[in-house]
Amino acid sequence: QVQLVESGGGLVQAGESLTLSCAASGSIFSINAMNWYRQAPGKQRELVAGITSGGRTNYADSVKGRFTISRDNAKNTVYLQMNSLKPEDTAVYYCYARVVVTTGPYEYQYWGQGTQVTVSS
């Protein structure tokens, strides 16, 4: 019904920047929260940043001041601008969205397939 497709991951050196994108498509009536999570090897998945449909944002303490989440509601897309990257930011980054679908007044949760971000020291 709804697909989330991430892009923008890659290999960078410490101190560099990357921007991740996540585009939602399918039977979308509206999108409420859109979040970015990450999972490093051997660790639990953690919330990195979130943004509501009204633009209110929240961040993990570890990324405050370095990462910025934004969204384009017209394009059903969420972005994660990552600056001053550190080796400890290395992880698979996942997009998450709570979507109200066109087939009924129900909200569902969807995940993207993940995109690898590797930061070398």
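Each chain carries its own residue numbering, running from 1 in the direction its sequence is written. Given that the model is predicted, a residue must reach a pLDDT of at least 70 before its local features are reported, and side-chain atom pairs must reach 80 or more before they are shown or counted; all residues, however, enter totals for whole chains, interfaces and linings. Side-chain calculation: all heavy atoms of the structure are included, whereas hydrogens and water are not.

A few points about the side chain of S21
Phase 1: Each helix corresponds to a stretch of at least 4 residues labelled H or I by DSSP, and each strand to a stretch of at least 2 residues labelled E; elements are numbered beginning at the N terminus. Along the chain, S21 turns up in strand β3 (residues 18–26).
Phase 2: Only heavy atoms matter for contacts: two residues are in contact if any of them lie within 4.5 Å across the pair. Not counting residues within four places of it along the chain, the set of residues in contact with S21 comprises V5, E6, S7, W36, V78 and Y79.

Let's talk about unusual backbone geometry
Phase 1: Located in the positive-phi region is N76, a residue other than glycine, with phi close to 55°.
Phase 2: As for its placement among the helices and strands, N76 is situated in the loop between β7 (67–72) and β8 (77–82).
Phase 3: Any residue under 20% of the maximum accessible area for its type is buried, any over 50% is exposed, and the rest in between are partly exposed; the area is computed with a 1.4 Å probe on protein chains only. Its relative accessible area of 23% is what places N76 among the partly exposed residues.
Phase 4: Backbone geometry at S84 places phi at a positive 50°, although glycine is not the residue there.
Phase 5: Within the secondary structure, S84 is located in the loop between β8 and β9 (91–101).
Phase 6: Since its relative accessible area comes to 40%, S84 is described here as partly exposed.

Looking at the packing of aromatic side chains
Aromatic ring pairs are reported here in terms of the distance separating the ring centres and the angle at which the planes meet.
Phase 1: In this analysis, rings of Phe, Tyr and Trp, with Trp reduced to its six-membered ring, are considered paired at centre separations within 6.5 Å, and the interplanar angle assigns stacked below 30 degrees, edge-to-face beyond 60, and tilted for intermediate values. The tally for this structure, following the rule as stated, stands at three aromatic pairs.
Phase 2: One aromatic cluster in this structure is built from Y37, Y96 and W111.
Phase 3: Whether a charge sits over a ring comes down to the Lys NZ or Arg CZ being within 6 Å of the ring centre and within 35 degrees of the ring normal. Geometry around Y94 places R45 over its ring, the cationic atom sitting 3.7 Å from the centre.
Phase 4: Across from the ring centre of W111, 4.7 Å away, lies the NZ or CZ of R45, which sits over that ring.

Description of the side chain of R71
Phase 1: Turning to its location among the elements, R71 is positioned in strand β7.
Phase 2: No salt bridge is formed by the buried R71. Its closest oppositely charged neighbour is D72, at 8.3 Å.
Phase 3: For R71, the side chain forms a polar contact with the main-chain oxygen of T52, separated by 3.1 Å.
Phase 4: Any N or O atom pair separated by 3.5 Å or less is treated as a polar contact, with the protein-specific requirement of one donor-capable and one acceptor-capable atom, and with residues adjacent in sequence counted only for side-chain atom pairs. In terms of polar contacts, R71 uses its side chain to reach the side chain of N73, at 2.6 Å.
Phase 5: Leave out the neighbours within four places in its chain, and R71 touches I31, N32, A33, M34, I51, T52, S53, T77, V78 and Y79. The charged-residue count follows a simple rule in which Lys and Arg add positive charge and Asp and Glu add negative charge, with His and chain termini not counted at all. When a carboxyl oxygen of Asp or Glu is within 4 Å of a side-chain nitrogen of Lys or Arg, the pair counts as a salt bridge.

Notes on the pattern of salt bridges
Phase 1: What the rule picks out here adds up to five salt bridges.
Phase 2: Put simply, E46 and R38 hold a salt bridge, and the shortest N to O gap is 2.7 Å.
Phase 3: Note on R38: relative accessible area 5%, which makes it buried.
Phase 4: Of the charged contacts, one joins D89 and R66 as a salt bridge, the two residues approaching to 2.8 Å between their closest N and O atoms. Taken together, the residues D89 in the loop between β8 and β9 and R66 in the loop between β6 (57–59) and β7 connect sequence positions 23 residues apart. By the burial criterion, D89 is buried, and R66 matches it.
Phase 5: Here the salt bridges do not stand alone but share partners, grouping R38, E46, R66 and D89 into one network.

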